[in-house]
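What follows is the residue order along each chain.
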Amino acid sequence: MKSYISKKAVFSIILVLFLSAVGLAQPITFLVNPDYDPFSYLDEGHLEGFLVDLIESLESETGIDVEMRPVKFDEALEMLQSEGRYCIPSLVFTTQRKALYQWVGPVVITNTYLYTREELSSEFKSLEDVRNANSVGVVREYYSHKLLEEQGFDNLIIFEDEESLLDALFVGETDLAPFNSAVLRQLLQKEQASNLLVPTVAIDLDMTYLGFSKDVPSEIVSAFQKALDGLKSSGSFSELYGQWFSGQPVPGIYTFLTEEYPPVTFKGENGEPTGFVTEMVKEILRRNDMSGEILIVPWSIGYELASNLPNVFLFSMDQTEQRRDNFEWIGPVGKNTAYLYARKDTVAPATDLESAKTVAAIGTTTNWWTEQLLKEMGFENLVSSLDPLDTVVQLFEGETDLAVFTDLTVGELVKNAGYSMDDLEALIELQTNYFYIAASKGTNFGMILSFQKTLDEMKRDGSFEETIREFVPNMLVTSLLWNSSHLDVKGLRTSMNTLSVGEIATVELQENGSTGYIWDVKITNPNVVSLIYEGSIFERKFLDDSQLVGAPYNVQWVFEAQQPGETVVIFSLRRPWESVHPIQTFAINIVVE
């Protein structure tokens, strides 16, 4: 029986394809801030700056026509929320903006500090100190303005642009002002002013993206992200970035964030991130032939970014029930116990959890697992601070009755705040957790598996324990050596398998390379399923490399479902140099829906 399609139906299909092609071919209007030197600015009527150069490179890579138009930021933000195919190339990512736009990046990563004059720098060591300042200047509608408002600052003075804000800070009209570090450097050069300003408290890590309006087709957004990642992989992005921001951290495909949390992670004497988990991450990157800038940020900022953006690694993070399904986990890399602490010079304000709920105030650090734990336990008397040093100060100055810390880090925090552990005692034990290197959802799963495999190798070859001993000589590590994250993947069967797009699946087979026979893998339709990871798995009894010679081992292959369709994965056990039939062959059928 023959099937017929009417001319009307054929015409409809052609029309839909034509309109789709026309839609993808329409240019994208980039709304470029003309007053954001060195990112973008006007020079004799022409747009210049790092972002302008980047947009031109992306246009060349994608083949998509773009139009660049100078538009003030507040006006551009209104246009981005209206109908039209627009992009702001300098949009800082926030959770409030996440659902409003489509994101490609990151293209710039910089810190925002609260700056003050040199003679006032000793007065502002924490956000609590800043709250007590006479005034803090901000630029209207800038993200730093919104951020400080949300933190409850009532001493803000509003300015219309960064030039007038900088002038006000210099002449003493305001005590502090937030500036992106790269922007401030350019402003000072433009004003030909000597830099007598001192950074005090970091309030944000600005992850700047290309922010596309909802009217831009998702295929175009994906094309820009792919092109940007290609520029980063080739080194072209790094070269361009260095021309405009010499010596500054270059945004990679992956972002590595940590916090000031000694001895686990902290800024060393040379200004570089260190600590035993930081050094583990550096070694994992080295063994995987990767490089990446490790950035120290307030925990609440890092946690928010890792909770909302792909390709973010945040360490270290305690694995709790609340967090378990929100991240991927590489580790464990450490273990600690949380306690409620009190000053020794006071009568114990609580003896158990129930009595602790009745004290006036308990100090916590924003978004730390210890704060989340107390909230889950029903505590309503918490005083949350962005900086753990503020939590220490509040306890010792009597502003809180108790404070929650972990046994591993409390000593360094108390010391860094200028106090002594001799004056503190642990009253109530709360919970013991393992902590990990956390990867945000959407991060390349093959990369996560490779990192876990490398960490397991470090545990086996002794470098894991050696790194810990350098920072914490007496730490118990046995339980860490025998534990490894088991990532959530689906096992493939030799019968028919059904996967959803984006789902991860694995196959594990035994192999013995000493015999010469190894598994060869072929995918009949690699557009449907791709191989994202392949690695050997050795039994834990083989702690010495010499014992591995001649021993069998398992090999794991991890596949990702890319698009709907059917494919077959064929496994053949053979000696690669022999032109004979394999000694064993089998096939796995996969349907992706």
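Residues numbered from 1 in each chain as written. Predicted model: local features only at pLDDT ≥ 70, side-chain atom pairs only at ≥ 80, totals over all residues. Heavy atoms only, no water.

Asks: Is there a simple way to think about the overall build of the protein chain in this case?
Replies: The helix and strand tally for the protein chain stands at 19 helices and 29 strands. Counting only residues that meet the buried cut, the protein chain has 49% of its 593 residues in that class. For the protein chain, long-range pairs separated by at least 24 residues make up 73% of all intrachain contacts whose partners lie at least 6 apart in sequence. Accessible surface for the protein chain amounts to roughly 28200 Å². Of this, 48% is attributable to carbon and sulfur atoms. Separation between the mean location of the 42 positive side-chain charges and that of the 87 negative ones in the protein chain comes to 9 Å. (Helix = DSSP H or I, 4+ residues; strand = E, 2+ residues; numbered from the N terminus. Buried < 20%, exposed > 50% of the residue type's maximum accessible area, 1.4 Å probe, protein only. Contact = heavy atoms within 4.5 Å. Areas by Shrake-Rupley, 256 points an atom, 1.4 Å probe, with all protein chains shown as cover. Lys, Arg positive; Asp, Glu negative; His and termini not counted. Charge placed at Lys NZ, Arg CZ, Asp CG, Glu CD.)

Asks: Whenever I open this one, the packing of aromatic side chains confuses me. Can you help?
Replies: To describe a pair of aromatic rings, you give the distance between the ring centres and the angle between the ring planes. Applying the stated rule across the entire model yields 34 aromatic pairs. Between Tyr 113 and Tyr 115 the ring centres are 6.0 Å apart and the planes differ by 80°, which places this aromatic pair in the edge-to-face class. Of the residues examined, Tyr 113 reaches a relative accessible area of 23% and is grouped as partly exposed. The structure contains a cluster of three or more aromatic residues connected by ring pairs, namely Tyr 36, Phe 39, Phe 50, Phe 237, Tyr 241 and Phe 245. (Phe/Tyr/Trp six-rings, centres within 6.5 Å; stacked < 30°, edge-to-face > 60°.)

Asks: I would appreciate a short explanation of the sheet that holds strand E2 (residues 35–36) in the present structure.
Replies: Strands pair in a sheet through their backbones, by hydrogen bonds, and they do so in one of two ways: parallel or antiparallel. What the three strands build is an open sheet, ordered E2-E3-E4; its pairing is antiparallel. Of all the strands in the sheet, just E2 and strand E4 (46–48) have a single pairing partner and so form its edges. Where E2 lies against strand E3 (residues 40–43), two bridges are found, and the strand directions are antiparallel. What sits directly across from Tyr 36, in E3, is Ser 40. (Pairing = 2+ DSSP bridges.)

Asks: I tried to follow empty space enclosed by the protein on my own but got confused; where do I start?
Replies: One way to see where empty space is left: roll a probe the size of a water molecule over the atoms. One pass over the full model with this rule turns up three cavities of 30 Å³ or more. Approximately 330 Å³ is the volume found for the largest cavity. In terms of lining residues, the largest cavity is bounded by 23 residues, among which Tyr 36, Val 92, Tyr 142, Tyr 143 and Asp 206 are the most central. Looking at the lining of the largest cavity, the elements that each hand over two or more residues are strand E6 (86–92), helix H6 (143–150), helix H7 (162–171), strand E10 (176–180) and strand E11 (197–212). Tallied by class, residues from the lining of the largest cavity come to 13 nonpolar, five polar and five charged. In this structure, the second largest cavity occupies an estimated 100 Å³ of space. If you trace the second largest cavity, you find it lined by Glu 259, Tyr 261, Trp 299, Ser 316, Asp 318, Arg 323, Asn 336, Trp 368, Trp 369, Thr 370, Thr 406 and Phe 435. If you list the elements that add at least two residues to the lining of the second largest cavity, you get strand E16 (312–318) and helix H14 (369–376). Its residues assigned to classes, the lining of the second largest cavity comprises five nonpolar, four polar and three charged. (1 Å grid on protein atoms, 1.4 Å probe; cavity = no way out; pocket = protein on both sides within 12 Å on 5 of 7 lines; lining within 4 Å. Points joined across faces, edges and corners; volume = space filled by probe spheres on them. Nonpolar A, V, L, I, M, F, W, Y, C, P; charged D, E, K, R; others polar.)

Asks: Sorry, what's going on with the confidence of the model for the protein chain here?
Replies: Regions with low pLDDT carry predicted coordinates that are not meant to be interpreted in detail. Residues of the protein chain with pLDDT of at least 70 account for 92%, and the chain-wide mean is 89. In the predicted structure, residues 7–23 sits below a pLDDT of 50 and forms three contacts with residues beyond four places in sequence or in another chain. Confidence drops under pLDDT 50 across residues 538–546; counting only partners more than four residues distant or on other chains, this segment forms 14 contacts. (pLDDT = per-residue confidence, 0-100.)

Asks: Can you help me understand the side chain of Ser 440 in this one?
Replies: In this structure, Ser 440 sits in strand E21 (residues 424–440). At 3.2 Å, the side chain of Ser 440 and the backbone nitrogen of Asn 311 are in polar contact. Once residues lying within four places of it in the same chain are set aside, the contact partners of Ser 440 are Ala 306, Leu 309, Pro 310, Asn 311, Val 312 and Phe 327. (Polar contact = N/O pair within 3.5 Å; in protein donor to acceptor, adjacent residues only side chain to side chain.)

Asks: Sorry, what's going on with the layout of surface pockets here?
Replies: Space inside the second largest pocket adds up to approximately 1200 Å³. Around the second largest pocket sit 48 residues that line it, and Pro 310, Asn 311, Gly 442, Thr 443 and Asn 444 are the ones nearest its centre. Of all the secondary structure elements, the ones that give two or more residues to the lining of the second largest pocket are strand E7 (102–117), E11, helix H9 (218–234), strand E17 (327–343), E21 and helix H17 (445–461). Broken down by element, the residue count for the lining of the second largest pocket peaks at six residues, all from H9. Within the lining of the second largest pocket, the residues separate by chemical class into 22 nonpolar, 17 polar and nine charged.

Asks: Can you walk me through the sheet that holds E16 in this structure?
Replies: Strand order in the open sheet formed by eight strands is E15-E12-E16-E21-E17-E20-E18-E19, with mixed pairing between adjacent strands. Lying at the two open borders of the sheet, with one neighbouring strand each, are strand E15 (294–296) and strand E19 (382–385). Each strand axis lies, on average, 30° off the axis of its neighbour in the sheet, ignoring direction. (Axes fitted to C-alpha atoms, helices over the stretch in contact; angles between N-to-C directions.)

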